[in-house]
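Listed below are the residues making up each chain.
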Amino acid sequence: MIQIKVINKGHQQLPAYATPQSAGMDLRANLDGAVVLRPFERRLIGTGLHIALPEGYEAQIRPRSGLALKHGLTVLNSPGTVDADYRGEIMVLLVNLSQEEFVVNDGERIAQMVIARHEQGVFLEAETLGVTERGEGGYGHTGVK
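The present account deals with the structure reproduced in this document. (Residues numbered from 1 in each chain as written. Predicted model: local features only at pLDDT ≥ 70, side-chain atom pairs only at ≥ 80, totals over all residues. Heavy atoms only, no water.)

### Quick look at the layout of surface pockets
At step 1: Looking at the largest pocket, its volume works out to about 290 Å³.
At step 2: Contributing to the lining of the largest pocket are 13 residues, with Ile2, Ile4, Tyr17, Met25 and Ile115 lying nearest its centre.
At step 3: Only β5 (49-52) and β11 (109-117) provide two or more residues apiece to the lining of the largest pocket.
At step 4: Roughly 200 Å³ of volume is contained in the second largest pocket.
At step 5: Taken together, 16 residues form the lining of the second largest pocket, with Pro15, Ala16, Met25, Asp26 and Arg109 sitting closest to its centre.
At step 6: Ranked by the residues each element gives to the lining of the second largest pocket, the list is headed by strand β2 (residues 24-28), at five residues. (1 Å grid on protein atoms, 1.4 Å probe; cavity = no way out; pocket = protein on both sides within 12 Å on 5 of 7 lines; lining within 4 Å. Points joined across faces, edges and corners; volume = space filled by probe spheres on them. Helix = DSSP H or I, 4+ residues; strand = E, 2+ residues; numbered from the N terminus.)

### With respect to the sheet that holds strand β8 (residues 80-82)
At step 1: Taken in spatial order, the four strands of this open sheet run β2-β11-β6-β8, and their pairing is antiparallel. At either end of the open sheet lies a strand with only one pairing partner, and these are β2 and β8. The sheet shows a mean angle of 35° between the axes of neighbouring strands, direction not considered. (Pairing = 2+ DSSP bridges. Axes fitted to C-alpha atoms, helices over the stretch in contact; angles between N-to-C directions.)

Given below as structure tokens:
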């Protein structure tokens with residue numbers, strides 16, 4: 001388990017894993033008052049959290065499945081990435097994809113955060129890429145069956 005420095009400038013509890021094998025931690029809205037998301041409206045919702053991830057890690061901000069299923073609420077740029085060198089407040093870009101208004105209340109669990117290791121790549125220009133069975137087959141190339 002890696003250690004992550006956190007400054008909580010909000011008034012919510014720190015994220016924590018719900019079970020020993022959970023991949024994500026719930027993020028809570030840190031609001032002065034309720035926020036109404038109209039159908040198809042998007043809004044940045046603050047969490048009050050500022051973190052310092054170790055180099056080679058990112059925090060992925062993902063939707064909560066229950067909110068997506070029951071209310072059509074999702075994270076618009078999913079997964080959102082918090083880079084290791086970012087020190088600003090973790091914000092969640094929520095969008096309401098339903099036909100009904102959704103009220104985001106202070107303290108509500110609005111997203112989940114997954115800490116993930118990543119690699120950086122270096123592009124090497126080439127004349128050819130090598131032959132594969134798939135080749136240049138793109139979207140829908142493998143069919144539906």
